[in-house]
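Here is what each chain is made of, one letter per residue.
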Amino acid sequence: MNSPWTVTPEPFDSAVVAELWRAYYTEVSDRWYLLHEGHTTDPDELEREVAADTGAYLAAPGGVLLVARYRGEPAGTAGVRMIDASTGELKRVFVRPEMRGKGGGSVLLAEVENSARGLGAERVVLDTRGDLVEARMLYARHGYQETAPHNDEEFAEHWFTKKLVRDDA
């Protein structure tokens, strides 16, 4: 049976990516503000922050951004950028809330890991926050191990790494 999921590379500046980036950023920002300050993100701040991170670091030759579609509808993203010759960093791993529980996160992770291998990565790293419980569970289910910090991102609270096995090994 064919999967309802398809995953393809997409330019970091496409309209589809912009819509998914806004949905991603709105969700993670609102979660943080609701948890820590009891309100959603200020609309002006949301616009500034969405515009400030263009995602250009996910363009070739050192990166790739993937879009997952569920029955043809854009449902999620995952990107990787190379941070050194053998390490890829996962970015913007996101599945729309209404599409969760349908296997899209697993499909995206598998495809972004394949893309990382294609860029020469032998391992991938990522950071996330404590309140993003679903993301941390997804990573743990797929062999990611929590590690010491690999960056000093302001909102990062958990860091993960996974050694990539080559398909031809």
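Residues numbered from 1 in each chain as written. Predicted model: local features only at pLDDT ≥ 70, side-chain atom pairs only at ≥ 80, totals over all residues. Heavy atoms only, no water.

Q: Just give me the short version of the pattern of salt bridges, but keep the residues and values in it.
A: By the definition in use, this model includes 10 salt bridges. Note that Arg100 is salt-bridged to Glu27, the shortest N-O span being 2.6 Å. On the criterion of sequence distance, the pair formed by Arg100 in the loop between β4 (87–95) and α3 (104–118) and Glu27 in helix α1 (residues 15–37) is long-range, its members being 73 residues apart. Assessed through its relative accessible area of 31%, Arg100 is described here as partly exposed. (Salt bridge = Lys/Arg side-chain N within 4 Å of Asp/Glu carboxyl O. Helix = DSSP H or I, 4+ residues; strand = E, 2+ residues; numbered from the N terminus. Buried < 20%, exposed > 50% of the residue type's maximum accessible area, 1.4 Å probe, protein only.)

Q: Please give an account of the sheet that holds strand β3 (residues 73–84) that cites residues and values.
A: The 7 strands lie next to each other as β1-β2-β3-β4-β5-β7-β6, forming an open sheet whose pairing is mixed. In the strand order of this sheet, the two ends are held by β1 (5–9) and β6 (145–147), each with one partner. For this sheet the average axis-to-axis angle between neighbouring strands, irrespective of direction, equals 30°. Inspection of the sheet shows β3 paired to β4 by 7 bridges, in the antiparallel sense. (Pairing = 2+ DSSP bridges. Axes fitted to C-alpha atoms, helices over the stretch in contact; angles between N-to-C directions.)

Q: Tell me about the nonpolar core, residues and numbers included.
A: The biggest cluster of nonpolar side chains holds 25 residues, and the ones touching the most others in it are Trp5, Leu90, Leu108, Leu109, Val112, Tyr139 and Tyr144. Of all the elements in the fold, those that place two or more residues in this core are β1, β2 (63–70), β3, β4, α3, β5 (123–128) and α4 (133–141). Core analysis: the next-biggest nonpolar cluster, separate from the first, contains 8 residues, Trp21, Tyr24, Tyr25 and Phe94 among them. (Core = buried A, V, L, I, M, F, W, Y, C linked by side-chain atoms within 4.5 Å.)

Q: Can you lay out the pairing of β3 for me, pointing to particular residues and giving the numbers?
A: By the bridge criterion, 8 bridges tie β2 to β3 in an arrangement that is antiparallel. Residue pairing across strands places Leu65 opposite Gly79, the latter belonging to β3. Between β3 and β4, which pair antiparallel in sequence order, lie 2 residues.

Q: Go over unusual backbone geometry, please, and point to the residues and values.
A: The amide bond that connects Ala60 to the next residue, Pro61, takes the cis arrangement and shows omega of 10°. The phi dihedral of Arg71 is positive, around 50°, even though this residue is not glycine. By secondary structure assignment, the location of Arg71 is in the loop between β2 and β3. Judged by its relative accessible area of 63%, Arg71 falls in the exposed class. Residue Arg92 is not a glycine yet carries a positive backbone phi of 55°. For Arg92, the position within the fold is in strand β4. Accessibility expressed as a relative area gives 7% for Arg92, which makes it buried.

Q: Account for α1, with residues named and values stated.
A: Under the 1.5 Å per step criterion, the end-to-end length of α1 is 31 Å for 23 residues, consistent within 8% with the ideal 33 Å. For α1, the complete set of buried residues consists of Val17, Leu20, Trp21, Tyr24, Tyr25, Glu27, Val28, Ser29, Asp30 and Tyr33. Buried residues belonging to α1 abut α2 (43–52), β2, β3 and β4. Looking at the residues trailing α1, positive phi occurs at Gly38, about 80°. (Expected span 1.5 Å × (residues − 1). Contact = heavy atoms within 4.5 Å.)

Q: Account for a negative patch on the surface, naming residues and giving values.
A: Negative charge collects at one region of the surface, where Glu49, Asp152, Glu153 and Glu154 lie side by side. Along the chain, the position of Asp152 falls in the loop between β6 and β7 (158–163). (Patch = residues over 30% accessible without salt bridge, like charges linked within 9 Å, V, L, I, M, F, W, Y side chains within 5 Å. Areas by Shrake-Rupley, 256 points an atom, 1.4 Å probe, with all protein chains shown as cover. Lys, Arg positive; Asp, Glu negative; His and termini not counted. Charge placed at Lys NZ, Arg CZ, Asp CG, Glu CD.)

Q: Please give an account of the side chain of Thr128 that cites residues and values.
A: Within the secondary structure, Thr128 sits in strand β5. Of the residues examined, Thr128 reaches a relative accessible area of 7% and is grouped as buried. Beyond its immediate chain neighbours, meaning those up to four positions away, Thr128 contacts Ala135, Arg136, Phe155, Ala156, Glu157, His158 and Phe160.

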